[in-house]
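Coordinate inspection notes
Each chain, written out:
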Amino acid sequence: MRMTQTLRTLLLTATFGGLGGLGLGCVISVGPLDCSECGNTGCDSQLVGGECVCDAGHEWVNPNDANDFECDEIPGRGGDASCGGDENNPVHLEGEVCVCDDGFNWCNPSDLSDLSCCEDPNQAPGETDAPLTTGDPMTSGTADTADDVDDTGADETAEPPGECTMEEAEWNGVEPNDADCTDDTFIFCSNVESEGPAGSRYWECMGGTWVENSGFPTVWCESEGRDFAYGCIDDGSGVAFVCGDGPGTPCSGPDCDACGDDGDQILFCQDNRLGGDSCLRICTEEGDADGITYDFGECVTTDEGATECACCDAGEEGCPA
């Protein structure tokens, strides 16, 4: 029986996926990371000639999983000016570490002292978003797209989030059983936890009859200082309301992800609602996957259409802090 006699609190901030520290600065992708298909936003993979490969300078995160298309930047190795390569060893100095040229990877992955690079067929040719991932996150994209990027770091050619709205998510839950409405304190949510809050419906027991109260989840979330409600879920022990911040308008797919007009807010589509958060807050308070925080953060849109929080520390070249 899916009901409870008291309202339970479930406060959810934005779900962050694909966090990764990037040496001198960091790029944080916000929103659930789905790499079940090649080329999905934030996965750093792409189709080339019908084959799924990693972006240049990246390698498979789980090379033995044929259904995981996530790639990560190939880590550099300790070096100095002497690590500059030649035609026999395509390696170069980048910052304070040695990295293989695009299209190459370490010949001996387990030997950190071996600076030899071998051709890597799992990489796409050419450069990708290198300026964002090599300690210069505030350059707002690669040099060849500078004309399309304003001084806030937001891509002016990106579609505004309002154009991405759609109809409400379809409801696929269940209705309450009339026989279960025996107490006016009982409440009911159509969706179990595994279904998520998208398209959920909420009822209250009144005088032996279930009465749907579609506006209550939003009212409850607003009373908790949040902007909107994704909906409700039955988590097995009671009804919980999933709250979010941002526009809260209906949306569908990663193409809705965008930067807000102020250059700080990052917008992401989750559970068919457009949520938002502050990149400055994420970079200075949340930090990256290792808990490292930074002095400054802003929202940027790469030339590949990915929306990210670019973080940096005061004193770094190009960092406004």
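Thresholds applied
Residues numbered from 1 in each chain as written. Predicted model: local features only at pLDDT ≥ 70, side-chain atom pairs only at ≥ 80, totals over all residues. Heavy atoms only, no water. Helix = DSSP H or I, 4+ residues; strand = E, 2+ residues; numbered from the N terminus. Contact = heavy atoms within 4.5 Å. Core = buried A, V, L, I, M, F, W, Y, C linked by side-chain atoms within 4.5 Å. Buried < 20%, exposed > 50% of the residue type's maximum accessible area, 1.4 Å probe, protein only. Phe/Tyr/Trp six-rings, centres within 6.5 Å; stacked < 30°, edge-to-face > 60°. Arc of directions from axis to C-beta.

Here we take up the environment of Gly208. Looking at where Gly208 falls in the secondary structure, it is placed in the loop between β13 (202-206) and β14 (209-212). On a C-alpha basis, the gap between Gly208 and Asp178 in space is 7.6 Å, while along the polypeptide they are 30 residues apart. Among residues more than four places away in sequence, those in contact with Gly208 are Asp178, Cys181 and Asp184.

We now examine unusual backbone geometry. In this structure, Asp44 takes a positive phi of about 60 degrees despite not being glycine. Mapping Asp44 onto the fold places it in the loop between β2 (26-30) and β3 (45-48). Of note, Asn272 is a non-glycine position whose phi angle comes to about 60 degrees, a positive value. On the secondary structure map, Asn272 appears in the loop between β18 (265-270) and β19 (273-278).

Core analysis: the biggest nonpolar cluster contains eleven residues, these being Ile187, Cys189, Tyr202, Phe216, Trp220, Cys221, Ala229, Cys232, Val239, Phe241 and Cys243. Listed by contribution, the elements that provide at least two residues to this core are β12 (187-189), α2 (216-223), β15 (228-234) and β16 (239-244). Cys279, Cys283, Cys309 and Cys311 belong to the second-largest nonpolar core, a separate cluster that totals nine residues.

In this structure the tally under the stated criterion is seven aromatic pairs. With a centroid separation of 5.6 Å and 65 degrees between ring planes, the pair formed by Phe216 and Phe241 is classed as edge-to-face. Of this pair, Phe216 sits in helix α2 while Phe241 sits in strand β16; the two residues are 25 residues apart in sequence, bridging distant segments of the chain. Phe241 matches Phe216 in its accessibility class, with the two residues each being buried. With a centroid separation of 4.9 Å and 65 degrees between ring planes, the pair formed by Phe228 and Tyr230 is classed as edge-to-face. The exposure class of Phe228 is buried, given its relative accessible area of 5%. Relative accessible area serves as the criterion here: at 7%, Tyr230 is assigned to the buried category. One aromatic cluster in this structure is built from Tyr202, Phe216, Trp220 and Phe241.

In this section: α2. Considered for burial, the residues of α2 that qualify are Phe216, Pro217, Trp220 and Cys221. The buried residues of α2 occupy an angular sector of 135 degrees when the element is viewed end-on, so they sit on one face. On its buried face, α2 sits against β13, β15 and β16. Gly225 sits one or two residues past α2 and shows a positive phi near 85 degrees.

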